[in-house]
Amino acid sequence: MVRFLTDNRIAPTPASNTPHKQELLVIGAGLPRTATSSLQAALEELNITPCLHMAQIIPHTSRQKLLIAATHSTDTATRQKQVNALVSGYAAVCDMPAVFFLADLMDMYPEARVILTTRPSAETWAESCRESLGFFFSSSFGVLGFLWGTERLWFRLNMRILEWAKEKLGEGDIFSAGFYERYNELVRGVARERGREVLEFKADDGWGPLCAFFGRDVPVGPFPRVNERKTFVFIKRVLVVKGVVSWMALGGLVWLVWRYGMPLLYT
């Protein structure tokens, strides 16, 4: 299974259609490429499971549509209902589903613990993010994936991320050290306004700080390290080939219709 392309996890089934006020235990507030996948794996190893990550959003058009719709909702009650539908049944949420709705999640789940995953430096994060994710924000990806619903929505979601960054932080370049620093300050400010403790955590810190934060024993095995840089390189290759072949097939079909179909209209 390739994360972000496929997802065979079974989504949790909510007990009812009413909002769940205490079911979410952890809000992973860190930006993508701050070891959010490692955090997901670590939380689930600590039995704080399941954890919702963008890897469980992208392969499903219905979840992408719900996420995009919620980012556009200006009415708080409507947006929080959509967010609840997205995260209901999950014990934790991290990556963009948490980033987009940080304040809502803190208000909806006042007992949830907040973790801000970080990198050693803002510049390190910016370089890593640009190298891993830059293609998926490019017009090339938009064109190549246009014929496929999942990729078309993925590109639309990424464009929404750019809009959100401009609206929320006044930052046009999301692959910059300035964006990283502004966002982390936003997290601290939102938490401070609500009197919430934030664990600022790097994957290099290992199990210690995370287990202490939850009052859990340290697992015997090493802290999980899920580096998805190679995954994104592979995904890019797959989607480029898929897109080129799809457009070639469409072009061939159009040519066949023009070459052999049009004369039939005049016979």
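You'll find the structure just up there.
Below: a short report on this structure. Quick caveat, the model's predicted, so the values are computed rather than measured. (Residues numbered from 1 in each chain as written. Predicted model: local features only at pLDDT ≥ 70, side-chain atom pairs only at ≥ 80, totals over all residues. Heavy atoms only, no water.)

## Points about the overall build of the protein chain
Of the regular secondary structure elements, the protein chain holds 11 helices and 5 strands. Taken over the C-alpha atoms alone, the protein chain extends approximately 80 × 40 × 40 Å along its principal axes. Taken across its 267 residues, the protein chain has 48% of its residues classed as buried. Taken together, the 30 basic and 26 acidic charged side chains of the protein chain have centroids lying 7 Å from each other. (Helix = DSSP H or I, 4+ residues; strand = E, 2+ residues; numbered from the N terminus. Buried < 20%, exposed > 50% of the residue type's maximum accessible area, 1.4 Å probe, protein only. Lys, Arg positive; Asp, Glu negative; His and termini not counted. Charge placed at Lys NZ, Arg CZ, Asp CG, Glu CD.)

## Some points on empty space enclosed by the protein
Counting across every chain of the model gives 1 cavity of 30 Å³ or more. Estimates place the volume of the largest cavity at around 40 Å³. What lines the largest cavity is F141, L144, G145, W148, E151, L239, V240, K242 and G243. Secondary-structure elements contributing two or more residues to the lining of the largest cavity are helix 7 (139-144) and helix 11 (229-264). Counting residues per element, the lining of the largest cavity draws most heavily on helix 11, at 4 residues. For the lining of the largest cavity, the class distribution of residues is 5 nonpolar, 2 polar and 2 charged. (1 Å grid on protein atoms, 1.4 Å probe; cavity = no way out; pocket = protein on both sides within 12 Å on 5 of 7 lines; lining within 4 Å. Points joined across faces, edges and corners; volume = space filled by probe spheres on them. Nonpolar A, V, L, I, M, F, W, Y, C, P; charged D, E, K, R; others polar.)

## What about unusual backbone geometry?
Note on backbone geometry: most residues besides glycine have negative phi, and most peptide bonds are trans. Cis peptide bonds are those with omega within 30 degrees of zero, and the linkage from T49 to P50 qualifies with 0 degrees. Here R33, not a glycine, exhibits a phi torsion of approximately 70 degrees, which is positive. One can find R33 in the loop between strand 1 (26-28) and helix 1 (36-45). Backbone geometry places A35, a non-glycine residue, at a positive phi of 70 degrees. Within the secondary structure, A35 sits in the loop between strand 1 and helix 1.

## Side note on the sheet that holds strand 2 (residues 51-52)
One open sheet accounts for 5 strands, arranged 2-3-1-4-5; its pairing is parallel. The sheet terminates laterally at strand 2 and strand 5 (198-201), the two strands that pair on one side only. Of the pairings in the sheet, the one linking strand 2 to strand 3 (residues 92-94) comprises 2 bridges and is parallel in character. Residue pairing for strand 3: L52 is matched across the bridge by V93. (Pairing = 2+ DSSP bridges.)

## A short note on the pairing of strand 5
A regular strand places its side chains so that they alternate between the two faces of the sheet. Here strand 5 shows a buried face lined by L199 and F201 and an unburied face lined by V198 and E200. As paired elements, strand 4 (residues 113-117) and strand 5 share 4 bridges and run parallel to each other. Along strand 5, the bridge assignment pairs V114 with V198.

## A word on the packing of aromatic side chains
Tallied over the entire structure, the rule returns 17 aromatic pairs. Look at F141 and F155: their rings are 6.2 Å apart centre to centre, the planes differ by 70 degrees, and that puts the pair in the edge-to-face class. Linking F141 in helix 7 with F155 in helix 8 (residues 149-169), this pair joins segments that are 14 residues apart in sequence. Among the aromatic side chains, those forming a connected cluster through ring pairs are F4, F135, F136, F141, W154, F155 and F232. Of note, R113 hangs over the ring of F213, and the distance from its end group to the ring centre comes to 3.9 Å. (Phe/Tyr/Trp six-rings, centres within 6.5 Å; stacked < 30°, edge-to-face > 60°. Lys NZ or Arg CZ within 6 Å of the ring centre and 35° of its normal.)

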